[in-house]
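Listed here are the chains, written in short residue letters.
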Amino acid sequence: MKYFKFKYIALIMLSISVYSYEELQEYKVELIIFKYSTPNTNELFDSILKIPDMEIINNYSIDSDTSEYRYSNFSNVSEYISSVINKDYIKSKSLYPSVWYRDDVKLETLKKLRTNIINDNEIDYIDSKSWIQSIPSYESSKYLAYENDIKNYGFFLNLYKKRFMHIQLKGYLSNLNYRNNNINIFIDDEKRIFNEEVHFFDNPYFGIIISVIQI
């Protein structure tokens, strides 16, 4: 009986991986955020960052003191498998893991650039982050929200496909939780992108560099 269940689970995982390969190719996303040592502006920013009104997946840093800390993962494979084994087909349909996200531990494409930023006297390196995810259609896409209370920055990032790949980025410098909704040092941009490109998003106070590569 145990052997049968093992084979059953293996077949389920195989079907998921085939589906992911054909419909949801995975991409390595790398991000660097930095600020300028001497901002080249006297502008007073009075506009406020608009928080996305679509679904948000929260992923706080491990050292965050946010009380609602939740490590977020788009996939829910274990729940899906359990529902199939228990023959709860209605639940299994709603839990089908159609979008994938998982943290990655190191930069590859942006590694040298990070070193150059760290050694640049006119730039203050803040942090870097990398992860692996799929890029679904716009209708199925979700913003990944990340905050780091210690380093005082955060971002919302949405990658989606609508004929071409697109990126929506809302990045900010702040020691406030984004739910306070009064962040005024931010980047809010959207652009079409292509595989294996590196993109630079700029603000008079800080910048964000993002690499997206299919794996």
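Our subject is the structure listed above.
Because the structure is predicted, anything quoted here is derived from the model rather than measured.

Chemist: Honestly, the packing of aromatic side chains in this entry has me stumped. Any pointers?
Modeler: To describe a pair of aromatic rings, you give the distance between the ring centres and the angle between the ring planes. The tally for this structure, following the rule as stated, stands at nine aromatic pairs. Ring geometry for Phe 34 and Tyr 36: centres 5.5 Å apart, planes at 90 degrees, overall edge-to-face. Overall, Tyr 36 belongs to the partly exposed group, its relative accessible area being 22%. Both rings, one in Phe 164 and one in Phe 194, keep their centres 5.8 Å apart while their planes meet at 70 degrees; by these two values the pair is edge-to-face. Highlighted residues: Phe 164 in strand β7 (residues 164-173) and Phe 194 in the loop between β8 (186-193) and β9 (197-202), separated in sequence by 30 residues. We classify Phe 164 as partly exposed; its relative accessible area is 29%. What links up through ring pairs into an aromatic cluster is the set Trp 131, Tyr 146, Tyr 153 and Phe 155. The ring of Tyr 138 has Lys 162 sitting right over it, with the charged end atom 4.5 Å from the ring centre.

Chemist: I would appreciate a short explanation of the nonpolar core in the present structure.
Modeler: Here is a general trend for soluble globular proteins: nonpolar side chains tend to be buried in one another's company. With 25 residues, the main nonpolar core has Ile 33, Trp 131, Phe 155, Leu 157, Leu 169, Ile 208 and Ile 210 as its most contacted residues. Where this core is concerned, the elements lending two or more residues are β1 (26-36), β4 (123-134), β5 (143-148), β6 (153-162), β7, β8 and β10 (206-214).

Chemist: How should unusual backbone geometry be read in this particular structure?
Modeler: Working note: non-glycine residues mostly have negative phi, and peptide bonds are mostly trans. With phi around 70 degrees, Arg 163 is a residue other than glycine that occupies positive phi space. Here Arg 163 lies in the loop between β6 and β7. The exposure class of Arg 163 is exposed, given its relative accessible area of 80%. One non-glycine residue, Glu 196, lies in the positive phi region at around 70 degrees. Inspection of the secondary structure assignment puts Glu 196 in the loop between β8 and β9.

Cut-offs used in this document
- Residues numbered from 1 in each chain as written.
- Predicted model: local features only at pLDDT ≥ 70, side-chain atom pairs only at ≥ 80, totals over all residues.
- Heavy atoms only, no water.
- Phe/Tyr/Trp six-rings, centres within 6.5 Å; stacked < 30°, edge-to-face > 60°.
- Buried < 20%, exposed > 50% of the residue type's maximum accessible area, 1.4 Å probe, protein only.
- Helix = DSSP H or I, 4+ residues; strand = E, 2+ residues; numbered from the N terminus.
- Lys NZ or Arg CZ within 6 Å of the ring centre and 35° of its normal.
- Core = buried A, V, L, I, M, F, W, Y, C linked by side-chain atoms within 4.5 Å.

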